[in-house]
Structures are given as C-alpha cells and as structure tokens.
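Inside the fold
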2 protein chains.
Amino acid sequence: MNLNIDQLALLLAGGPREDIVIRLAAEHPADLAAALRMLEPAQAWGVLKQAERRRQAEVFGYLGREYQTRLATVTPRAELAAIVMDMPADERADLYKELSDEQREALMPALAQAEREDIRQLASYDEGTAGAIMTSDYAALPPDLTATEALTVLRREAPDKETIYRAYVIDADRTLLGSVRLQDLITAPAQARVADVMQRNTHAIGVEDDVEAAARKIARYDVLALPVVDADARLVGIITHDDALDVMEAEATDDFHRVGTITNLESSVATATIPKLYRARIAWLMLLVFGNIFSGAGIAHFEDTIAAHLALMFFLPILIASGGNAGSQSATLMVRALATGDIAVSDWARVLGREFAVAILLGLSMACAIAVIGVFRGGPEIAMVISLSMVLIVIVGSLIGMMLPFVLSRFGLDPATASTPLVTSIADATGVLIYFSIARAILAMP
Amino acid sequence: MNLNIDQLALLLAGGPREDIVIRLAAEHPADLAAALRMLEPAQAWGVLKQAERRRQAEVFGYLGREYQTRLATVTPRAELAAIVMDMPADERADLYKELSDEQREALMPALAQAEREDIRQLASYDEGTAGAIMTSDYAALPPDLTATEALTVLRREAPDKETIYRAYVIDADRTLLGSVRLQDLITAPAQARVADVMQRNTHAIGVEDDVEAAARKIARYDVLALPVVDADARLVGIITHDDALDVMEAEATDDFHRVGTITNLESSVATATIPKLYRARIAWLMLLVFGNIFSGAGIAHFEDTIAAHLALMFFLPILIASGGNAGSQSATLMVRALATGDIAVSDWARVLGREFAVAILLGLSMACAIAVIGVFRGGPEIAMVISLSMVLIVIVGSLIGMMLPFVLSRFGLDPATASTPLVTSIADATGVLIYFSIARAILAMP
C-alpha cells in the first residue's frame, strides 16, 4: 500500500503518462505525500502535476508546513492558486501563513474574492488559539427547515464540507442554536423540523480559547467536531477530531521536550538543522552550568571535612544522584498529571501529603541498601552518616520535584519547565549541603 | 454545563424524583460520570438508578475502569445486566475483564446468548492488541445491495452501532471488500450498487497487531474508524477515532513516565495508592544507586589526585552534570522521535553524524563559559583541564544519550527505557573518568 521512493523514481523515469495518473489515484494522499517529501520539490511537482486537481489539493494538505512552502515556490502561480482553492479552508490558511509576502502577493489575486476573505480571516487568529486551527468548511442549517429539506441542502454541500455528519443549526445572526446529526435527520419523519431533531446544548469553544482546551473537549465528549464561536456566540468555524489528535500529539511532544530541556524545536527531529538543534539545547545547558556552581561551592565550603575524610567522596555521587532521581520521578508524575488534567493545581496539598509518605518509604529502603555498602567500605560511623543523609536527601529531593511544577504554574509558567535536569541540579546542591552537614556533625570534624 | 458535587448533593438530598430525571437527561454523560465519581459507589447508584436505562449505560461507559467495577458491586444484578446489554460492545467487554469471577458468574446468565458470546469473544484478546479495544458494533453491508436498500439497512441499525457514517462491505464469508461512506450512499443514484460506490482499498489492521499501530494509522489517514481483520482477512471489528485518541494519550503518558523511571503505574496519579506509587518508583531508584557506585569508585580511584588538588572538587558537579544534561537532551529527542515515527531505528547512522556536530558546538560553548570561572577560581592550568574535560564530557554524554534508545530498541526493549536518570548515571561515571584522567595528565600528578 505504501508507495516507496524507488517506485516513485520509476514513475519519474518516464513510462506512459496515463499509468502515472492511475497510480496516483490509487494511493492514499497521506502515503503519496510521505513519498513525495523524499524528493526535491521540483521533482515532486513533476510527479504531482500529473494528478487531478482535487487529488493535488489533498496531497498538498498532507505534506507538512515546511515542505508545503518549499513546493509552493516551484509550483506555477496559476496552478498553485487552483490547488489552494481546492484545499480545505484550515489547511490553506495554514499554508498562507507560511508563505513569504512575495508569494502571497502573487497568489492572492488569482483567488476568488470569497476565498481571499476566508483565508485572511482564518489566518488572523493567534497561534495556539482555537481560531488558528479551525476550519470554515462546516455545514450549517437554519432551524425551520424540514428534515427532507435539510438532507437536500447537505447532499448539495457535501463535497465542500469537512464533515456533514453533524450540521450546526444557526439563526439569521449566525448564533449557534444547536447541532444535528446526519443520522438523526435520516431517521426523522420527513416533515419534522430541524429545530425538533437537533440537540440544544451543544458544547462549543471560544475562538480565542486555547487550542489544547478544544482538543481535550473533543476527547472528553467523544465528538467528531467542536463548534467554535466568537464573543457574541456566533458560529465562526469547527475543529475536527483529526485536528484534535494532531494537537494532542504536538502538545505531548512539546511537554516531553520541555521536561528534557529542549526548547522551541518547532520542527521534526528528522529534518531539524544543526543550528536549530544547537539553539534548542544551549540555553538550558548554560543555565544549568551556573546552577551547578552552587553544588561546587557547597563542596568547596566543606573542603576541610572532605580532606579529613576522603572516604566521604566515594558516596557523594550516589547520594546526590539519588535525591535528583527521586525528584525527577516526582516531577515527571506531576507534570504529566497536570498536563492531562488528571490532577489540578489546587490539589497540591493533598498530593503533598501522599508524596511525603511515599518519599519516607523510598528513603528508608534506599538507606538500608546503602548502609550495607557503607559498613563494608567505611565502617559503622560512615554507614550512619550516609544512611541518615540518604533518607533526608530522598525526602527533600522528592518534595522539591513534586512542588516545583505547582510553584512554576503558580507564577504563570508551564509546569513542564520543571525539567528533570533542573530538578536534579537543585536536588544536587541541596544534597551536598545535607550530606556534609550531617558528616561534620556526626564525625565531629572541623 | 458541568454538574458539580454540590448540585449532586442537592439532588441526593431529596426533591421530587422527576426533577432529578430531567436534570440527569440534560447533562452530558461525561460530565455526569465525572460528578458521580466523586461520590461513594452506593450513593452514586442512588442517583444513577433514577435515570433511563440507555442513559445509565452511557454514563457507565465514562466512569473509568476502577470506578466501574466498584459501582458494579453495589448495582443489583438484574439492573447491572440490563445496563451491560445497553453498553457499547467494547466498553462492556472491558468491564467484564475487570469483574471478579463471582461477579461474572452472577452477571452472565442474566445476559442474552448473543451478548454473552460477543463479550467472551472481545474479552479474549490480549491487552495492547487491536482486538482488545475494538468494538463489534459496526455497520456491515453486502456488496450487491442498492444504495436505497443500504440506507434502509443503516437507518434500521443506527441505534445499535457506534457509527454508521462508514459501513464496511463484506461478502458471505465476512471477508472485507471495502467500505462506503454514508454521504456517498446518500448522494448516489438510488439504483447504484454498494459495490460501485464503495472504496476498495480500505486500510485495515490485524486483530493481533499493536493497538498503538492502529491508533497511528487512524491519525495518519484521518479516518473515523479503522476496520480490524483476522488472519483470514475477515472483518471482526472496528476501532473508532475516539479510542485512538485515548490510546495515543495513554501511550504518551507511558513514555513520559518511562523516561522519568516510573514503571507500570497503571492508574491515575490522582487516585494511586501509596504502595502503588512506591512500587512504581523503587526499582529504578535502587538500580541507579548501584549504577552510581561506578562514579563513586571512579572518584575513589583518583583519591590521590583529588587530595593533591582539592580545587578540582569544586568543578566536579558542574562537569559531570553537564554530560548528563546534554545526554538527557539527546535521549529525550530520540525517544520521542522514535515513538511518533518521526525517525526510524534504521536512521541511526544519519542521526549520529548530526548529533556529533551539535555536540561539538555545545561542548565548545560550554567550555568557553567554564574556562572563565576556571581561570578566576583555579588558575590557567585548572582552566585548561576543565575546558578540555567539558568538551569531551559533553560530546561523550550526548552520544551516549543519543545511541542508548537505538541500542535498547535493537535488543527488543522500549527505547523510552533510556530514561533521563539512566543516561545521567552513565554519563556521570564516564565524566568522572574523563575529568580526572585529563587532570592527572595535565597537572602531572601521581
């Protein structure tokens, strides 16, 4: 089913034109797009131009933003305009946003007036809002049509709409009144009014609302699409289930990266350039270098203790790493639970109590393990120092890791900024202080 | 729109029965389920039993496995059976899997023969396979019906099917021939055959295939549902878009946790018990303690060097943490890119080259930063030692972090096992060796 690059090369090498068109028609546009992306844009256009117009528009939608814009530069203006006219409203608005001013100026006059306005409208919403990913290709019905009339309207509009499985019922002002399922129109008596068949309390989302909130609503209510309304409750677009899936996938990647101190890598890892990867990584690495100066300063502060008891150094990596590891675990649990809505920011006190109990158990278990090594390696006094330190370090590390996401979100930052390396750095510095303070007290060193 | 616990308490406190039923009918089952979950099961049943049967079944489906089974224990057997009969096929099979043997024995005789067999069949597939989440509530059509006849069939079956927006076309042996959209049946000439309207190359997935692969296919092809076939290409079920969303969300959480060394926490963080959290965390923490012994041993090995140059200790945390941090970043990028299919395991060589280039740039930048501190704090010789160490440690750390997910996946393990703490531990031990080896060489110490 998947067209591969070798087969594409064959298609390019020639062969009768009709064969190519038949081949292109048989593949799923997603597969075709994946194969085309492996070619240089000029070559890709050489293949794609042989397909039917509607097919070209479908494939274009699957190419991904970066490749789309590259392909747009080699596509003749008139043909690009025709493709854009055939693309779904949300996809062409996305493409428009990526084009250079020059490209836009070349493209816009070639489009019909309605399309131009629609594109400008959709492209005007900020990134990350529901407006930025919604489409204007929804089916709308007035409330006073009969079921039969409504079906006739939907039948006529079907080819241009993302979905007609659910139509939105709006009054003359475009105020959203409710929604009706195609399946309910089909099973309704022929003379029933749309208003009688529709569901009144349709969930909707504001056009300026966070796109992630929209995706979560689609997931929560298992709907095919979510209507988007403006401040006056007028219907302006819909967000469909497939966009929700993409949004949630992108959000998960974003959080994943943030927890791993990768920032703003707004491209695929496969195609990211070296400078882009460097920029996504250097800021946090540098910041953490300075963060770790505290650990170094802590060690320097206890130089006398260390000089008198060099055996303490053997246990340093184990102890401070354990605090960081326990803290990373806690932060991981919290960041993800906050992101999925499993816990709310207001739950912090309840979570803190449980975290404390878990941390005590973890600290005691690990203290037992390390005590054995301690006796064997440094004698009973050292064993006591390191077990006691381990319990405290694990508890403090866990609580830091748990609280940090809540604190960050309290200050309006993304909880995922509580990255594993950040938690580790803080826990490390704290661990150094705890360890050597206990050592100095118990070993009665200067 | 959201019913809250206070409103529920009011409902419970009494008030005329009819009011409650009207209230229950107006809320979305997902909202109702969220509110009920906050009550004790017996109380929740007290509210739910006043709703209509179909409504009860809908709400049941949204309660989540843990709560469902608790509620099932307080629901009278006859009423539970009636609810189960009304539940979607996949949801009732999931519920069945969670019930105790006793509960199953009580429930099964109260069900109709067809439902019993359907439940046993659906419950028989292994967790994590497409079979385990598919539903048998799909609409199927023979290829030789006319469009009008097909619409009559679908209209009749609509109430019992998850979706009739796409019907699957099967022959007498249930072999999958293709699929047809409701919208195409409506717009087709009345006498057209289903076989003429249907799409032939419908994407399908095997019943034993990984559920994540099924979800990715739904995302890739933007379909409402994916048909599931057995080894003989016979249709056995469908997986719907809302299940795909849940699967991808759960997979992302799983990877997120794994990278943070949280294992097998198969429950919500909000409701997880202390022993459950302890078990999910202790194994890796212990393992990492032993991993960090290598770092300790490394330090012990260089005790003489350290004793002669205690200033070296100041830079130890910065240097080894930097290797771990750079490695964590690389591992994070790879784990997520492998999980989303952005890069494939076979891409490792290409990625390695780019990673090497990025790591050199990162290492040089960080060496410059630390050299300044080094001159100020330990003089030019120390500055040279630590800058050189920094470059090497960052490069080695990055390459370890990048390669580990590939190596693990080569050995059949989940790439996400390359957790941040594991990468950090390995990078730490390597860092200790690099740092003190360079120090010993340059400072000409014993």
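Residues numbered from 1 in each chain as written. Chains lettered and ligands numbered in written order. Predicted model: local features only at pLDDT ≥ 70, side-chain atom pairs only at ≥ 80, totals over all residues. Heavy atoms only, no water.

Moving on to the overall build of chain A. Assigned secondary structure in chain A consists of 21 helices and six strands. Taking 22 Å as the expected radius of gyration for a compact globule of 446 residues, we find that chain A reaches 30 Å, considerably beyond that expectation. If you line up chain A on its principal axes, its C-alpha atoms span 90 × 60 × 40 Å. Within chain A, contacts between residues separated by at least 24 positions form 68% of all contacts whose residues are at least 6 apart in sequence. Carbon together with sulfur atoms contributes 56% to the accessible area of chain A, which is approximately 18,200 Å² in total. (Helix = DSSP H or I, 4+ residues; strand = E, 2+ residues; numbered from the N terminus. Rg over C-alpha atoms; globule rule 2.2 N^0.38 Å. Contact = heavy atoms within 4.5 Å. Areas by Shrake-Rupley, 256 points an atom, 1.4 Å probe, with all protein chains shown as cover.)

Side chains three or four residues apart in an α-helix point the same way, a direct result of the helix having 3.6 residues per turn. Residues and elements named next belong to chain A. Look at helix 16 (residues 241-259): 27 Å from first C-alpha to last across 19 residues, which is about the 27 Å you get at 1.5 Å a residue. For helix 16, the buried fraction is high: 14 of the 19 residues fall into the buried class. Thr 261 lies just past helix 16 and shows a positive phi near 55°. (Expected span 1.5 Å × (residues − 1). Buried < 20%, exposed > 50% of the residue type's maximum accessible area, 1.4 Å probe, protein only.)

With 105 residues of chain B at the contact, the number on the chain A side is 105 residues. With both chains or domains summed, chain B and chain A bury close to 9,800 Å², and 68% of this area falls on carbon and sulfur atoms. In terms of surface lost to chain A, no three residues of chain B exceed Tyr165(B), Phe256(B) and Arg281(B), which account for 8% of the buried area on that side. Arg281(A) is the partner of Glu355(B) in a salt bridge, and the nearest nitrogen-oxygen pair spans 3.0 Å. At the surface where chain B touches chain A, the tally comes to 38 residue pairs in polar contact (both at pLDDT 80 or more). With 19 residues, the top contributor of residues to the side of chain B that touches chain A is helix 19 (residues 311-340) of chain B. The residue inventory of the side of chain B that touches chain A, partitioned by class, reads 63 nonpolar, 25 polar and 17 charged. (Buried area = accessible area lost by both parts, 1.4 Å probe. Salt bridge = Lys/Arg side-chain N within 4 Å of Asp/Glu carboxyl O. Polar contact = N/O pair within 3.5 Å; in protein donor to acceptor, adjacent residues only side chain to side chain. Nonpolar A, V, L, I, M, F, W, Y, C, P; charged D, E, K, R; others polar.)

When chain B is brought onto chain A, the operation consists of a screw motion whose angular component is 180° and whose axial shift is 0.0 Å, with 0.1 Å RMSD remaining. On this basis, the relationship between the two copies can be described by a two-fold rotation axis. Interface residue correspondence from chain B to chain A reaches 100%, placing this contact among same-surface, isologous pairings. (Least-squares fit on C-alpha atoms with pLDDT ≥ 70 in both.)

Another point: the sheet that holds strand 1 (residues 138-141) of chain B. All names here are of chain B. The sheet built from three strands is open, its strands ordered 1-2-3 with mixed pairing. Each having just a single partner strand, strand 1 and strand 3 (176-181) make up the two edges of the open sheet. On average, each strand axis in the sheet is tilted by 35° relative to the strand beside it, whichever way the strands run. Of the strand pairs in this sheet, strand 1 and strand 2 (residues 163-170) are connected by three bridges, and their pairing is parallel. The residue bridging Tyr 138 from the neighbouring strand is Thr 163, located in strand 2. Its contacts with the sheet put helix 12 (residues 147-157) on strand 1 and strand 2, and the angle it makes with strand 1 is roughly 155°. (Pairing = 2+ DSSP bridges. Axes fitted to C-alpha atoms, helices over the stretch in contact; angles between N-to-C directions.)

A word on the UniProt feature "domain: CBS" (unreviewed entry) in chain A. All names here are of chain A. UniProt records the feature "domain: CBS" (unreviewed entry) for residues 134-197 and 198-256 in the present numbering. Taken end to end, residues 134-197 is 33% helix and 28% strand, and its two terminal C-alpha atoms sit 26 Å from one another. Taken end to end, residues 198-256 has its terminal C-alpha atoms 41 Å apart, with 46% of it in helix and 22% in strand. (UniProt positions renumbered as here; feature names shortened; annotations may be inferred.)

Residues and elements named next belong to chain A. Taken together, three strands build an open sheet; the order of strands is 1-2-3 and the sheet is mixed. For this open sheet the edge positions go to strand 1 (138-141) and strand 3 (176-181), each flanked by a neighbour on one side alone. In this sheet, adjacent strand axes meet at a mean angle of 35° when their direction is disregarded. Direction of pairing for strand 2 (residues 163-170) relative to strand 3: antiparallel, over a ladder of five bridges. Note that in strand 3 the partner of Arg 166 across the bridge is Arg 181.

Helix-helix packing is described using two parameters, namely the angle between the two axes and the distance between the axes. Residue and element names in this part refer to chain A. Running from amino to carboxyl end, helix 4 (residues 41-48) crosses helix 6 (residues 65-74) at an angle of 75°, the nearest separation of the two axes being 9 Å. In terms of orientation, helix 4 and helix 6 fall into the roughly perpendicular class. Facing helix 4, whose interface residues are Pro 41, Ala 42, Ala 44, Trp 45 and Leu 48, helix 6 presents Tyr 67, Arg 70, Leu 71 and Val 74. Grouping the amino acids of the contact of helix 4 with helix 6 by side-chain chemistry returns eight nonpolar, no polar and one charged. (Parallel < 35°, antiparallel > 145°, perpendicular 65-115°, else oblique.)

The geometry of an aromatic ring pair is captured by two quantities: the separation of the ring centres and the angle between the planes. Summed over all chains, the structure comprises eight aromatic pairs over all chains. Here the aromatic rings of Phe314(A) and Phe315(A) are separated by 4.9 Å at their centres, their planes lie at 90°, and the arrangement is edge-to-face. Residue classification places Phe314(A) among the buried positions, given a relative accessible area of 5%. The structure contains a cluster of three or more aromatic residues connected by ring pairs, namely Phe302(A), Tyr435(A) and Phe436(A). A cation sits over an aromatic face here: Arg336(A) above Phe256(B), 5.7 Å from the ring centre. Over the ring of Tyr96(B) we find Arg104(B); its NZ or CZ atom is 4.3 Å from the centre of that ring. (Phe/Tyr/Trp six-rings, centres within 6.5 Å; stacked < 30°, edge-to-face > 60°. Lys NZ or Arg CZ within 6 Å of the ring centre and 35° of its normal.)

As a further point, take the pairing of strand 5 (residues 225-229) of chain B. Residues and elements named next belong to chain B. The element strand 5 is extensively covered by neighbouring structure, given that five of its five residues are classed as buried. The pairing of strand 4 (residues 205-206) with strand 5 spans two bridges and is classified as parallel. Across the sheet, the residue bridging to Ile 205 is Val 228, located in strand 5. Taken together, the five bridges between strand 5 and strand 6 (residues 235-240) define a ladder with antiparallel strand orientation. In the sheet register, Pro 227 faces strand 6, and the bridge partner there is Ile 238. Once strand 5 ends, the chain turns through five residues before running back antiparallel as strand 6, passing Ala 233 with a positive phi of about 65°.

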